Amino acid sequence: MPVGPEYRATPSFRSLGDAFFDPVAAAPFPEHRLRFRNQRAAGRVGLAELTDAEWIDPFGRFHALPGNLPEPLALRYHGHQFQSYNPDLGDGRGFLFAQLLDRVDGRLLDLGTKGSGQTPWSRMGDGRLTLKGGVREVLATELLEALGVYTSRSFSLIETGEALERGDEPSPTRSSVLVRLSHSHIRFGSFQRHAFFDDADSIERLLDYTIANHMPDLKALRDSARVSAFLTRVCEHTAGLAASWYVAGFVHGVLNTDNMNVTGESFDYGPFRFLPTLDVNFVAAYFDQTGLYAFGSQPSILGWNLARLREALRPVCDAAPLLEALQRYEPTFQRALQDKLAARLGLSPRKGVAPERLVEAVFGFLSSSQVGFERFFFDWYGGLASEPRARLSDEADRYVGPDFDALKAAFGDYDTAPTAQLEHPYFERGEPCTLLIDEVEAIWDPIADRDDWGLFDQKLRQIDEMRAALAAAKAVSQT
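In this report, we go over the structure that sits alongside the text.

How each quantity is defined
- Residues numbered from 1 in each chain as written.
- Predicted model: local features only at pLDDT ≥ 70, side-chain atom pairs only at ≥ 80, totals over all residues.
- Heavy atoms only, no water.
- Salt bridge = Lys/Arg side-chain N within 4 Å of Asp/Glu carboxyl O.
- Helix = DSSP H or I, 4+ residues; strand = E, 2+ residues; numbered from the N terminus.
- Buried < 20%, exposed > 50% of the residue type's maximum accessible area, 1.4 Å probe, protein only.
- Phe/Tyr/Trp six-rings, centres within 6.5 Å; stacked < 30°, edge-to-face > 60°.
- Expected span 1.5 Å × (residues − 1).
- Arc of directions from axis to C-beta.
- Contact = heavy atoms within 4.5 Å.
- Lys, Arg positive; Asp, Glu negative; His and termini not counted.
- Pairing = 2+ DSSP bridges.
- Patch = residues over 30% accessible without salt bridge, like charges linked within 9 Å, V, L, I, M, F, W, Y side chains within 5 Å.
- Areas by Shrake-Rupley, 256 points an atom, 1.4 Å probe, with all protein chains shown as cover.
- Core = buried A, V, L, I, M, F, W, Y, C linked by side-chain atoms within 4.5 Å.
- Axes fitted to C-alpha atoms, helices over the stretch in contact; angles between N-to-C directions.
- Parallel < 35°, antiparallel > 145°, perpendicular 65-115°, else oblique.
- Left-handed = near helix turned anticlockwise from the far one by under 90°.

1. Points about the pattern of salt bridges
Enumeration over the complete set of coordinates arrives at 40 salt bridges. Between Arg 33 and Asp 451 there is a salt bridge; the shortest N-O distance is 3.4 Å. Of this pair, Arg 33 sits in strand β2 (residues 33–37) while Asp 451 is found in the loop between α14 (437–450) and α15 (454–470), placing the two residues 418 residues apart along the sequence. For Asp 451, a relative accessible area of 29% translates into the label partly exposed. The partner of Arg 233 in a salt bridge is Asp 217, and the shortest N-O contact between them spans 2.8 Å. Taken together, the residues span a long stretch of sequence, with Arg 233 in helix α6 (residues 223–248) and Asp 217 in the loop between α5 (200–214) and α6 at a distance of 16 residues. For Asp 217, a relative accessible area of 52% corresponds to the exposed category. Among the charged side chains, a network of salt bridges with common partners joins Arg 33, Arg 35, Glu 159, Arg 174 and Asp 451.

2. Some thoughts on the packing of aromatic side chains
Within this structure, the stated rule accounts for 36 aromatic pairs. An angle of 35° between the planes, with centres 4.7 Å apart, marks the rings of Phe 82 and Tyr 293 as tilted. Here Tyr 293 lies in the loop between β12 (273–274) and α7 (298–312) and Phe 82 lies in the loop between β4 (79–81) and β5 (84–86), a separation of 211 residues in the sequence. Here Phe 82 falls in the partly exposed class, since its relative accessible area comes to 29%. Here Tyr 293 falls in the buried class, since its relative accessible area comes to 2%.

3. Notes on helix α10 (residues 356–369)
Taking 1.5 Å per residue, 14 residues should reach 20 Å; α10 reaches 20 Å between its end C-alpha atoms and fits that length. All buried positions along α10 are accounted for by Leu 358, Val 359, Ala 361, Val 362, Phe 363, Phe 365, Leu 366 and Ser 369. Positive phi appears at Gln 370, one or two residues downstream of α10, with a value of about 55°.

4. A closer look at helix α13 (residues 402–411)
Among the residues of α13, those classed as buried are Phe 404, Leu 407, Ala 410 and Phe 411. Down the axis of α13, the sector holding all buried residues measures 115°, keeping them to one side. Against the buried residues of α13 lie β13 (347–349), α10, α11 (373–379) and β14 (414–416).

5. Some words on the side chain of Arg 153
Residue placement: Arg 153 occurs in strand β9 (residues 153–164). Although Arg 153 is buried, it forms no salt bridge, and the closest oppositely charged side chain is Asp 102 at an N-O distance of 4.6 Å. Residue contacts for Arg 153: discarding those within four places in its chain leaves Asn 38, Ala 41, Arg 44, Leu 109, Thr 141, Glu 145, Val 179, Arg 180, Leu 181 and His 183.

6. Structural notes on the pairing of strand β7 (residues 108–114)
The buried count for β7 comes to 7 of 7 residues, which makes it a mostly enclosed element. In this structure, strand β6 (residues 96–101) lies alongside β7, joined through 5 bridges in antiparallel fashion. If you follow Leu 101 over to β7, its bridge partner there is Leu 108. The loop that links β6 with its antiparallel partner β7 comprises 6 residues; one of these, Gly 106, has a positive phi angle of about 75°.

7. Considerations on a nonpolar patch on the surface
A surface patch of nonpolar side chains, amounting to about 300 Å² of accessible area, comprises Tyr 85, Phe 196 and Phe 197. Within the element layout of this structure, Tyr 85 appears in strand β5.

8. Examining the nonpolar core
One recurring pattern in soluble globular proteins: nonpolar side chains tend to sit buried together. Counting residues in each nonpolar core, the largest one holds 122 residues, and the members touching the most others are Phe 13, Phe 191, Leu 313, Leu 345, Val 362, Phe 363 and Phe 376. Looking at which element gives the most residues to this core, the answer is α6, with 14 residues. Apart from residues lying up to four places away in sequence, Phe 13 is in contact with Phe 20, Phe 21, Leu 73, Leu 75, Leu 96, Gln 99, Ile 186 and Tyr 209. Core analysis: the second largest hydrophobic core is formed by 28 residues, Leu 50, Phe 62, Leu 100 and Leu 111 among them.

9. Brief notes about the packing of α7 against helix α8 (residues 319–326)
Closest axis-to-axis distance for the α7/α8 pair is 10 Å, and the angle between their directions is 160°. Overall, the two elements α7 and α8 adopt an arrangement that is roughly antiparallel. For the element pair α7 and α8, the recorded crossing hand is right-handed. Every residue of α8 that contacts α7 at Gly 303, Leu 306, Ala 307 and Arg 310 is listed here: Ala 319, Leu 322, Leu 323 and Leu 326.

Without other data, these values stay purely geometric and don't point to any function.
Given below as C-alpha cells:
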C-alpha cells in the first residue's frame, strides 16, 4: 500500500494481552461506496496520497495497514448506562483497527470503527451502522472540531450496500461503516471491567499503558501518587470537555461511562443535538425520558462518571488521594468554562477582570432573551468591536434590556483577541453555520430519496469556512 513518509505504525495496544480485547474479523460487505474521507486528518498520519480505490481496501475491507495490527481488536469494557451498571458491554459493532503516530504532535492515534460487523459483544445486534447515522456523526465531528471541542474525528464513511431494519427510522434503510480517528479508546468502563472482576493486575497494566502513551509526564510517579495523579489528569481533561460542550451548546445525549474517554476526548455521537436557544432542560435522546442527560446536567453527570472511575481505581489506590483528585473536577470546570467562553467569543481579558462576570452575563442573557444560541456567538464574536455588525442581525431587536446592559458591561472588561479574524468572509455571511435537527433531516432527505449529496457537501464547506474563521482564536486543548 502506498503510504506516505509521515506514516508511523505503532500497534501497541496488542501488547496488553487478551484480557483487554477479542480478535475479530470485519463483516464482508457486498458494496463499498466512499462517501467521505478526511483529507486533513489523513495528511497527519501519512495516508492522504491514497486514491479512493486504495482507501477502500483498509477502510472498507479492513485489510491491515503496513506494520500495524494484523487483525482488528474488539475492546472489552463495562459501564454504567443511565447510571445502572451493565457488565455485558464491549465493542459490539466496532473494533480497534490500527494505531498511528500524529506527524504534527507525535501523539498516539487510534483508528476505530463503527458498523464494521458483529463481535462477541454484539448482544444480538447486527453490528451495522445506518448510513444516516454515519452522515450524522460526520457532521457532528466536523462542526465540533470547528468550534474547538476536543473530539474524535470522522476519518472515513463508506456505504456498504446492505438493507437494515431499524425501529427509529423508516426501514429498510441503507448501511455504512465509519472509521474514527481518536487519541484513545480507553474508557472509564475499561477500568470498571477489571474492577468488577477484582483484577488489580489488569488495572495496573492498563494504567501503565495509558500513562506511557497519553500522560508520559506521570511515568516517574509510583504507587498511590501515580494513580491519584492519573485521576487528577482525567478530571482536568473531563472538566475541559464539559466546558467545551457548554459553550458550543452541544448535548451529547448518552453520557454513559462506556462513552467517556480518559483523555477527555468527546466521541460516539448517536442522538446528539445542538441547542436552538439556551435551555438547560433540553434533551437530545428521545429515550432519555427523565432528562438525566439534559444540556444543563452534563457537567454534573460527568462528575458522577468520574466518581465511578474513582471507585474502579480503589483496588490499586487508597481512598483519600483519589477523593482529593476527584475534588479537582468542579473548580477546574469553572475555570475552563471562563476560559473557553472568552475564546468562543474571541475575547482577551483585561488585567484584574473577574471572569465569572462574563459567564453570568452571557448565559443570563441567552436564557432571558432566547436569542438563537449560535446566532449570539456569531453576532458578538469579538465583543464590543462587533456591535455595528450585531445591530444588523435578524436578532438585533433582542439586544436590549437590563440583561443585555449587563452583558455589554461585561464585554467592557475584555478586548478583542489579537488573533480574532473579524474581517473573515465567514462573518460577512449574514448568518452563522448551524446544525440543528431540522437541518440534519433536510440534509438526509435528498440522500435517502435520490442519492443527492449536494446539501451534505454544502454543509461541510460551510463548516470549513467557520473552522478557518475561528481557527486562530479557538481553544482546542483538553483543559
